[in-house]
Amino acid sequence: MLMAIYHLHCKVFSRRKGQTAIAAAAYRSGTKLEDYELGTVSDYTKKKGIAFSEIALPSNAPKEYADREVLWNAVQEVEKSKDAQLCREFEIALPKELSLVEQIELVRTFAKSLVSEGMIADYSIHDKKDGNPHVHILTTMRGIDDNGKWMSKQKKVYSLDESGNKIPIIDKKTGQQKITNGRRQWKRETLLDTPWNSKEQLLAWRKRWSDICNDAIDKKNALLEEENLAVNLYAQQEAISYIDHRSYAEQGVNKTPTIHEGWQARKMERLGMTSERLEQNRRINQMNSVWSQLDTLSKKYRKYNEDHYQDYQKEVKNHERRIRNFRSCSGRSSGVTGHAGANYQNDVYSFAGNTQTEPASYREITAMSRRGKSSEETDSARLADHTSISDIIRISDLIDDANSSMEQDAESLIEAIIEAIFSGNKKNKKKELQLVR
């Protein structure tokens, strides 16, 4: 099965960081845009790998905002603060197993869901054919009202106590309500007009992308299944796995997440240098592979133990029941003859033959017991006890042999892991092997 990956990173561009919406939009779309505020031009027309670019507008937004330069200059004009937040970016990995047409449809679906909340979305798909297709979605920090005007981001309101009264600001020196320029001062709080900056909203967006992407993967897998029916076995295509927005810990998966590498780290390696970030990810991937092998072996071992332990317990109960029945009709209570006991012993459950039918001698024994017949205790009961215990021991030995075989497999795997991971002399490897064990 082909493994699709999940990556959704969200960040905000702001003037405080010296960023502009014009430069961000020009770079991501590979276009040339003029910044009316600064009088500069951002030209990224030579940038390669721009597979698709588009702007999605709410129905009540001015049509001229479909022009990228007009849109982002309008954003910078309405954001007047020196530390204003200008736009939000979603950087999302796309399933490389999907075609470009399918990727575009996938991104459009997600972008429309954002636009339905009131924001404008400007998105560009990047694909350098290096196995890392992704999309950059720039969204406005303000919504558009019914009149096509920018909405406010937040508003200040008076803080109220439990009785609904305004809360005064107390002057620490006088202990009285603070008065500035003849006006009484009251506590205020800031209310956001949208929940877009909240952690809960970000988690909701992450889950939304996962759901939309899995729907697209479902459609792709259905198409692949139809195509596989028309070709021979060797030409069949693998299905694509689903993605999950949750962390490994939330999923209960025993894996360590890799860190973000970045284009600088990959460029260093192309130039023959060593990148610590790539080295760290290689170590993480190696350890994840090791834990995956150990987990597989552990599951196999537990499954074997559980299956055979259930068989073992079943046989123990069967033998205990037969021993009790035999004793109830033997000389210990109201017994039977040695011949009948011997017949029962010969019909005792055989593990190797896996015969679970009730022997005729058992019916004879219980019938004799009901008729009240008795005799002196014979060796038949002891013989039955001995046979039952020997069968149980034989079953236990089979399980022990299986466990020993599994332990040898685990030991061989651990030795291979130590050999692959640790370098240096054999003493270090032996020490590490002991630690792992």
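Residues numbered from 1 in each chain as written. Predicted model: local features only at pLDDT ≥ 70, side-chain atom pairs only at ≥ 80, totals over all residues. Heavy atoms only, no water.

1. Concerning a nonpolar patch on the surface
On the surface, a nonpolar cluster with roughly 290 Å² of combined accessible area is contributed by Met 268, Leu 271 and Met 273. Here Met 273 lies in the loop between helix H6 (262-270) and helix H7 (276-328). The partly exposed category is assigned to Met 273, whose relative accessible area is 44%. (Patch = residues over 30% accessible without salt bridge, like charges linked within 9 Å, V, L, I, M, F, W, Y side chains within 5 Å. Areas by Shrake-Rupley, 256 points an atom, 1.4 Å probe, with all protein chains shown as cover. Salt bridge = Lys/Arg side-chain N within 4 Å of Asp/Glu carboxyl O. Helix = DSSP H or I, 4+ residues; strand = E, 2+ residues; numbered from the N terminus. Buried < 20%, exposed > 50% of the residue type's maximum accessible area, 1.4 Å probe, protein only.)

2. Observations concerning the pattern of salt bridges
Enumeration over the complete set of coordinates arrives at 17 salt bridges. Of the charged contacts, one joins Lys 153 and Glu 79 as a salt bridge, the two residues approaching to 3.1 Å between their closest N and O atoms. Here the residue Lys 153 occupies a position in the loop between strand S7 (134-140) and strand S8 (154-158), and Glu 79 occupies one in the loop between helix H2 (68-78) and strand S5 (85-93), the gap between them amounting to 74 residues. Given a relative accessible area of 21%, Lys 153 falls into the partly exposed group.

3. Considering the nonpolar core
Tyr 123, Ile 137 and Trp 209 are the most contacted members of the largest nonpolar core, which has 32 residues in total. Looking at this core, the elements that each hand over two or more residues are strand S4 (50-56), S5, helix H3 (100-115), strand S6 (121-126), S7 and helix H4 (199-229). Apart from the residues within four sequence positions on either side, Tyr 123 is in contact with Phe 52, Ser 53, Glu 54, Ala 56, Val 107, Arg 108, Ala 111, Val 135, His 136 and Ile 137. Formed by 20 residues, the second largest nonpolar core is a distinct cluster that contains Ala 24, Ala 74, Leu 86 and Cys 87. (Core = buried A, V, L, I, M, F, W, Y, C linked by side-chain atoms within 4.5 Å. Contact = heavy atoms within 4.5 Å.)

4. What about the pairing of S5?
Of all nine residues in S5, seven are buried, a share of seventy percent or more. Note that strand S1 (residues 8-14) and S5 share seven bridges and pair antiparallel. Bridge pairing in S5 places Ser 14 opposite Gln 85. Across seven bridges, the pairing between S5 and S7 is antiparallel. The partner of Cys 87 across the bridge, within S7, is Thr 140. (Pairing = 2+ DSSP bridges.)

5. As for the sheet that holds S7
Across the sheet, which stays open at both edges, the five strands sit in the order S1-S5-S7-S6-S4 with antiparallel pairing between neighbours. The two strands at the open ends of the sheet, each matched to only one other strand, are S1 and S4. Going across the sheet, the axis of each strand differs from the next one's by a mean of 15°, ignoring polarity. (Axes fitted to C-alpha atoms, helices over the stretch in contact; angles between N-to-C directions.)

6. Observations regarding H3
Since the α-helix packs 3.6 residues into each turn, any two residues three or four apart lie on the same face. Here H3 is 16 residues long and its end C-alpha atoms lie 22 Å apart, about the 22 Å a rise of 1.5 Å per residue gives. When H3 is considered as a whole, its buried residues turn out to be Gln 103, Ile 104, Leu 106, Val 107, Phe 110, Ala 111, Ser 113, Leu 114 and Val 115. Turning to H3, the residues buried within the fold contact S4, S5, S6, S7 and H4. (Expected span 1.5 Å × (residues − 1).)

7. Re the packing of H3 against H4
The N-to-C vectors of H3 and H4 enclose an angle of 150°; their axes lie 10 Å apart at closest approach. Taken together, H3 and H4 sit at an angle that is classed as roughly antiparallel. The handedness of the crossing between H3 and H4 comes out as right-handed. For the pair H3 and H4, contact is made by Glu 102, Leu 106, Thr 109, Phe 110, Ser 113 and Leu 114 and by Trp 205, Arg 208, Trp 209, Ile 212, Cys 213, Ala 216, Lys 220 and Leu 223, respectively. Class assignment for the residues of the contact of H3 with H4 results in nine nonpolar, two polar and three charged. (Parallel < 35°, antiparallel > 145°, perpendicular 65-115°, else oblique. Left-handed = near helix turned anticlockwise from the far one by under 90°. Nonpolar A, V, L, I, M, F, W, Y, C, P; charged D, E, K, R; others polar.)

8. Regarding unusual backbone geometry
Phi is positive for Lys 129, which is not a glycine, with a value near 60°. For Asn 181, which is not glycine, the phi dihedral falls at a positive 55°. Structurally, the position occupied by Asn 181 is in the loop between strand S9 (179-180) and strand S10 (183-184).

9. Some thoughts on the pairing of strand S2 (residues 32-35)
Across the two faces of S2 the burial differs, with Leu 33 and Asp 35 buried and Lys 32 and Glu 34 not buried at all. Pairing of S2 with strand S3 (residues 40-43), which is carried by four bridges, proceeds in the antiparallel orientation. Residue pairing for S3: Glu 34 is matched across the bridge by Val 41. Counting the residues in the hairpin turn of S2 and S3 gives four residues, including Gly 39, whose phi is positive at 75°.

In short, shape yes, function no, at least from these values alone.
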